[in-house]
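Coordinates in review
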Amino acid sequence: MDELRIRGGHRLQGTVSVSGAKNAALPIMAATLAIPGRTILHNFPRLRDTNSMIQLLTQFGVAVEFLDDHTIALESSAVSTCRADYELVRTMRASVCVLGPLLASQGEACVSLPGGCNIGHRPIDLHLKGLSALGAEIVIDQGYIHASARELRGAEIYLSGPQGSTVTGTCNVMSAAVLSRGRTIIQAAACEPEVIDLGNFLNACGAQITGLGTSTLTIDGVRELQAVEYTIIPDRIEAATWMMAAGITDGDLTIEGVRDDHLTAAIETLRTAGLAIDLQDETARVRRAGDLQPLDVVALPFPGFPTDLQAQLTAMMCLASGTSVVTDRVFPDRFLHAAELLRMGAKIRRESSGVIIEGVNELSGACVMASDLRASAALVLAGLAARGETVISRIYHLDRGYEDLAGKLSRLDADVERQKGGRPNTPQFAGAPTPSASKTSSKG
Ligand code: EPU
């Protein structure tokens, strides 16, 4: 299994480009199941998760072609099956995003229930509630969701659970509602930029969605959607991870592909933590303004501080000059990184849905294990700042959401090496569809 070796203590410097947003790309890719013709997506991120979605769509009969490294064409005119098997769904929960588009276009879908997850309890009851409200009949049998509907009809849907709105739940219901008869109103919709990006994409295809970015979406169903070319937004979580990489290593990074309107809470929080962030157009220059300052931060749905940055912030606060409190109200158990950070000399205590972090003067390199995508990013940040060598195992988690992380880090003067069985290597999926060997499936 691949591991990442980091010899810490180097200040990161240089310019880094942020890739397309994973969590926008995945539901947009899934939505193409309901869009006849050839959709072309620019700024497409080359990730393990987008690769898994390609595999899934290919199984359904979608033809996938890379036009260049970051441009993909998806041709969904010959969807031949509606079943998403456990084997794929368990590796990527976002597979559930195919449910709404399949139901809307094929009238049925059979998708494995995703099962357990390292970041906590992740039910999909709200997805199912929303689709039922549109008229789908839903049966859970032998670990699979069987959904069917002769016709979907617009409805008023309240889509909030104990932890608030749901991102992929909103995407699923929105993707089905655009092709339903009549008007759908989704209350308590997620406002995340990735949901807006899916909505903008669907509108470009002919859908009629208003209220994107607010908690009330109004969707007037249309008979069909048309394929378009669309550019995916940059990944706000990657952007802010680079900001924290500059902060924790006392470096100086110029980050390209920063949408400050997607990062208001993160930028505010990081500035309070002592980072100097200069924004111009879609570029941010990030340095330290002084010592890292302790914080009291709560991760919340957008526009709050994102749960997907909670682990990275926890790592950075390990080196702050004082005691921080980091709470996660979206995924209250998403703290597996805390135990690994302890092994690097951090002083962290778990308390209800958060951690209390007493800043230390330095971290020391150690062998640590990645438990999920953002926890892995936290360990990378800690490793970059630590004295000595850190070896992070199970870095396939990182590959799910950070494109060419080791390569980008190396170009910023970090001392990192990706290894497999003691030998440097590159991620397996890097050899997946390339412009020269482009077709990954045929229409059939
Ligand atoms: N929830 C329910 N019922 C549901 C759905 C969600 O109770 O039917 C709860 C969850 O248990 C959680 C909260 O609602 O406590 C929010 O979950 P949400 O549904 O919004 O999460 P998600 O859609 O499964 C997406 C991202 C996650 C990100 C969360 C929160 C994608 C593919 N995934 O997940 O991204 O953490 O929203 O912002 O968009 C990541 O990229 O590392 C990642 C985990």
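Thresholds, definitions, all that
- Residues numbered from 1 in each chain as written.
- Predicted model: local features only at pLDDT ≥ 70, side-chain atom pairs only at ≥ 80, totals over all residues.
- Heavy atoms only, no water.
- Near = heavy atom within 4 Å.
- Polar contact = N/O pair within 3.5 Å; in protein donor to acceptor, adjacent residues only side chain to side chain.
- Areas by Shrake-Rupley, 256 points an atom, 1.4 Å probe, with all protein chains shown as cover.
- Helix = DSSP H or I, 4+ residues; strand = E, 2+ residues; numbered from the N terminus.
- Nonpolar A, V, L, I, M, F, W, Y, C, P; charged D, E, K, R; others polar.
- Domains from an automatic or database assignment.
- Pairing = 2+ DSSP bridges.
- Axes fitted to C-alpha atoms, helices over the stretch in contact; angles between N-to-C directions.
- Contact = heavy atoms within 4.5 Å.
- Buried < 20%, exposed > 50% of the residue type's maximum accessible area, 1.4 Å probe, protein only.
- Buried area = accessible area lost by both parts, 1.4 Å probe.
- Salt bridge = Lys/Arg side-chain N within 4 Å of Asp/Glu carboxyl O.
- Core = buried A, V, L, I, M, F, W, Y, C linked by side-chain atoms within 4.5 Å.
- pLDDT = per-residue confidence, 0-100.
- Parallel < 35°, antiparallel > 145°, perpendicular 65-115°, else oblique.
- Left-handed = near helix turned anticlockwise from the far one by under 90°.
- 1 Å grid on protein atoms, 1.4 Å probe; cavity = no way out; pocket = protein on both sides within 12 Å on 5 of 7 lines; lining within 4 Å.
- Points joined across faces, edges and corners; volume = space filled by probe spheres on them.

Here the focus is the site of the ligand. The environment of the ligand is made up of 23 residues, and the closest members are Leu126, Thr166, Thr168, Asp308 and Val330. At 2.5 Å from an oxygen atom of the ligand is found a main-chain nitrogen or oxygen belonging to Val330. Here the ligand, which alone exposes 820 Å², has 91% of that area covered by the protein. Listed by contribution, the elements that provide at least two residues to the shell around the ligand are helix H1 (22-31), helix H5 (125-133), helix H6 (167-177) and helix H12 (373-385). Broken down by class, the residue content of the shell around the ligand amounts to nine nonpolar, eight polar and six charged. Looking at which domains feed residues into the shell around the ligand, each of domain 1 (3-19 + 235-419) and domain 2 (22-231) supplies at least three.

Moving on, we get to the pairing of strand S13 (residues 183-187). Bridging between strand S10 (residues 156-158) and S13 involves three bridges; their strand directions are parallel. Opposite Tyr158, over in S13, you have Gln187 as the bridge partner. In the sheet, S13 pairs with strand S15 (residues 216-220) via five bridges, with the strands oriented antiparallel. Looking at S15, one finds that Thr184 is bridged to Ile219.

Another aspect to go through is the sheet that holds strand S18 (residues 275-280). Working definition: the strands of a sheet are paired by backbone hydrogen bonds and lie parallel or antiparallel to each other. One open sheet holds the four strands; their spatial order is S2-S17-S19-S18, and the pairing between them is mixed. Each having just a single partner strand, strand S2 (13-17) and S18 make up the two edges of the open sheet. If you compare each strand with its neighbour and ignore which way they point, the axes differ by 15 degrees on average. In terms of strand pairing, S18 meets strand S19 (residues 283-288) through six bridges, oriented antiparallel. Among the inter-strand pairings, Asp278 is bridged to a residue of S19, identified as Arg285.

The next subject is the sheet that holds strand S16 (residues 229-231). An order of S4-S5-S3-S16 is seen for the four strands of this open sheet, with the pairing classed as mixed. Two strands bound the open sheet, and with one partner strand each, they are strand S4 (63-68) and S16. Strand-to-strand twist of the sheet, defined as the mean angle between neighbouring strand axes without regard to direction, takes the value 20 degrees. Bridge count for strand S3 (residues 38-42) against S16 is three bridges, and the pairing is parallel. Its bridge partner being in S16, His42 is matched across the sheet by Thr231. Against the sheet, helix H7 (residues 193-204) touches S3 and S16, its axis set at about 160 degrees to S16.

Attention now moves to the side chain of His127. Structurally, His127 can be placed in helix H5. For His127, a relative accessible area of 3% corresponds to the buried category. Dropping the residues within four chain positions of it, His127 is found in contact with Val96, Thr166, Thr168, Gly169, Asn172 and Val173.

Our focus in this paragraph is the domain arrangement of the protein chain. Looking at the protein chain, the domain boundaries give domain 1 (3-19 + 235-419) and domain 2 (22-231). For domain 1 versus domain 2, the separation of C-alpha centres amounts to 30 Å. Residue-level contacts link 24 residues of domain 1 with 23 residues of domain 2. Of the roughly 1,900 Å² buried between domain 1 and domain 2, counting both surfaces, carbon and sulfur atoms make up 52%. Along the contact surface separating domain 1 from domain 2 lie two salt bridges. Between Glu194 and Arg236 there is a salt bridge, with the nearest N and O atoms lying 2.8 Å from each other. At the boundary of domain 1 with domain 2, the tally comes to eight residue pairs in polar contact (both at pLDDT 80 or more). Only H12 and helix H13 (396-399) provide two or more residues apiece to the side of domain 1 that touches domain 2. Per-class residue counts for the side of domain 1 that touches domain 2 are nine nonpolar, four polar and 11 charged.

Further remarks concern the nonpolar core. Membership of the largest hydrophobic core comes to 76 residues, with the highest contact counts inside it found for Val98, Phe201 and Leu202. With seven residues, H1 is the largest single contributor of residues to this core. Residue contacts for Leu202: discarding those within four places in its chain leaves Ala31, Met174, Ser175, Val178, Ala207, Ile209 and Leu225. Ranked by size, the runner-up nonpolar core spans 72 residues in total, among them Ala240, Met244, Leu270 and Ile392.

Another point: the confidence of the model for the protein chain. Of all residues in the protein chain, 94% attain a pLDDT of 70 or more, and the chain-wide mean is 93. In this model residues 428-444 is a low-confidence stretch, pLDDT under 50, and it forms 38 contacts with partners more than four residues away in sequence or in other chains.

It is at 7 Å that the axes of helix H10 (residues 310-317) and H12 come closest, and there the two elements cross at 25 degrees. Between H10 and H12, the angle is such that the two are roughly parallel. At the point where H10 passes H12, the crossing takes the right-handed sense. On the side of H10, the interface is formed by Ala311, Gln312 and Ala315, while H12 contributes Arg374, Ala375, Ala377, Ala378 and Leu381. Looking at the contact of H10 with H12, its residues break down into six nonpolar, one polar and one charged.

Okay, empty space enclosed by the protein next. Considering all chains together, one arrives at three cavities of 30 Å³ or more under this definition. Within this model, the largest cavity holds a volume of roughly 70 Å³. As for the largest cavity, its lining consists of Thr241, Trp242, Ala245, Ala377, Val380, Leu381, Leu384, Tyr402, Leu405 and Leu409. Among the elements of the structure, helix H8 (236-248), H12 and helix H14 (405-410) are those that each provide at least two residues to the lining of the largest cavity. The biggest single contributor to the lining of the largest cavity is H12, with four residues. Tallied by class, residues from the lining of the largest cavity come to nine nonpolar, one polar and no charged.

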